[in-house]
Amino acid sequence: MALDVAALSRCTRCSLSETRTRVVIGTGPTDAVLVLVGEAPGRQEDEGGAPFIGRSGQLLFRLIEQEVGLTREQCYVTNTVKCRPPGNRVPARNELEACRPWLTDQLADLAPRVTLALGLTAAREVLGATLAMGAVHGRPRHLGSGTGIATYHPAAALRDPALVDVVRADLAVVRRFVEAT
Ligand code: URA
């Protein structure tokens, strides 16, 4: 089903709707080759209404420009849940379930050729990953009519700079698939 943006903008399917400022739906061209899926909006995203506009987004798009050769404006960017969990906690199972139909419709509309899941929550939701990130990152798999890949969340790379090189290597894999399209 096509994503009903108007309905999503006033969604009350879970209690995150009681504390959010804005529903953060996604940004970027709907024909983007590369679609990024993060976990959930943080404080800046909740206020600004766009995904990854804070510190982790700065790192993310610096790495994507360097390793994939795409700018933020060339990527479509969204999250597994569209409203900020208070205190930036990991979204609860019921919140992920409530938001899943929106993400499913969104990804069906976008039909991405390459999907990059950022962090374990997105890897589980988008790729059906069942193992730890250490076991799933950088391994391309079929996803719809394209390819899905997971890497560490940029916030994890901000906390542990040793992960930056791991993310770079995963993005080199992303580049191969982006260039093959
Ligand atoms: N972290 C995420 O996972 N998504 C955002 O949009 C911002 C921070």
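Anything mentioned here points back to the structure above.
Residues numbered from 1 in each chain as written. Predicted model: local features only at pLDDT ≥ 70, side-chain atom pairs only at ≥ 80, totals over all residues. Heavy atoms only, no water.

With that out of the way, let us pick up the packing of helix 5 (residues 93-110) against helix 6 (residues 120-127). Interaxial distance between helix 5 and helix 6 falls to 11 Å at its minimum, and their mutual angle equals 65°. Crossing angle aside, the handedness with which helix 5 passes helix 6 is right-handed. Contact with helix 5, carried on its side by L96, R100, L103 and L107, involves T121, E125 and V126 of helix 6 and no other residues of that element. Here the contact of helix 5 with helix 6 is built from residues that sort into four nonpolar, one polar and two charged. (Axes fitted to C-alpha atoms, helices over the stretch in contact; angles between N-to-C directions. Helix = DSSP H or I, 4+ residues; strand = E, 2+ residues; numbered from the N terminus. Left-handed = near helix turned anticlockwise from the far one by under 90°. Contact = heavy atoms within 4.5 Å. Nonpolar A, V, L, I, M, F, W, Y, C, P; charged D, E, K, R; others polar.)

A word on the state of the cysteines. In this structure the tally under the stated criterion is zero disulfides. A disulfide-free cysteine, C99 has its sulfur positioned 6.3 Å from the sulfur of C11, the nearest such atom. (Disulfide = S-S within 2.5 Å.)

Now for helix 6. Along helix 6, six of the eight residues are buried, which leaves the element largely enclosed by surrounding structure. When we look at burial in helix 6, the residues that qualify are T121, A122, A123, E125, V126 and L127. Each element contacted by the buried residues of helix 6 is listed here: strand 1 (34-38), helix 5, strand 3 (114-118), helix 7 (133-136), strand 4 (141-143) and strand 5 (146-151). Directly after helix 6, the chain includes G128, whose backbone phi takes a positive value near 70°. (Buried < 20%, exposed > 50% of the residue type's maximum accessible area, 1.4 Å probe, protein only.)

Turning our eyes to something else, we now look at the environment of P112. Within the secondary structure, P112 sits in the loop between helix 5 and strand 3. Here the alpha-carbon distance between P112 and D31, two residues 81 residues apart in the chain, equals 7.6 Å. When residues no more than four places from it in sequence are discounted, the contact partners of P112 are V33, V35, L107 and G146.

Mapping D46 onto the fold places it in helix 3 (residues 43-48). It turns out D46 is buried and unbridged, and the closest side chain with the opposite charge, R84, is 5.0 Å from it. Looking at D46, its side chain comes within polar contact range of the side chain of T21, at 2.5 Å. Those residues in contact with D46 that sit more than four places away from it in its chain are R20, T21, R22, V24, P41 and R84. (Lys, Arg positive; Asp, Glu negative; His and termini not counted. Salt bridge = Lys/Arg side-chain N within 4 Å of Asp/Glu carboxyl O. Polar contact = N/O pair within 3.5 Å; in protein donor to acceptor, adjacent residues only side chain to side chain.)

In this section: the packing of aromatic side chains. For the structure on display, the rule yields zero aromatic pairs. The ring of W102 carries the charged tip of R13 above its face, separated from the ring centre by 3.9 Å. (Phe/Tyr/Trp six-rings, centres within 6.5 Å; stacked < 30°, edge-to-face > 60°. Lys NZ or Arg CZ within 6 Å of the ring centre and 35° of its normal.)

The next thing to look at is the pattern of salt bridges. Should their charged atoms come close, side chains of opposite charge can pair. Inspection of the entire model under this criterion finds five salt bridges. Ionic pairing is found between E47 and R43, a salt bridge with its closest N-O pair at 3.9 Å. With E47 and R43 both in helix 3, this residue pair falls four residues apart, about one helical turn. Overall, the relative accessible area of 46% leaves E47 in the partly exposed class.

Taken together, G38, E39, A40, E45, P51, F52, S56, N79 and H153 make up all the residues around the ligand. Backbone polar atom of A40 to a nitrogen atom of the ligand: 3.0 Å apart, as the coordinates give it. Interatomic distance of 2.8 Å between a side-chain N/O atom of N79 and a nitrogen atom of the ligand. Here the ligand, which alone exposes 230 Å², has 92% of that area covered by the protein. Across the shell around the ligand, the residue classes tally to three nonpolar, four polar and two charged. (Near = heavy atom within 4 Å. Areas by Shrake-Rupley, 256 points an atom, 1.4 Å probe, with all protein chains shown as cover.)

These figures capture arrangement, not role.
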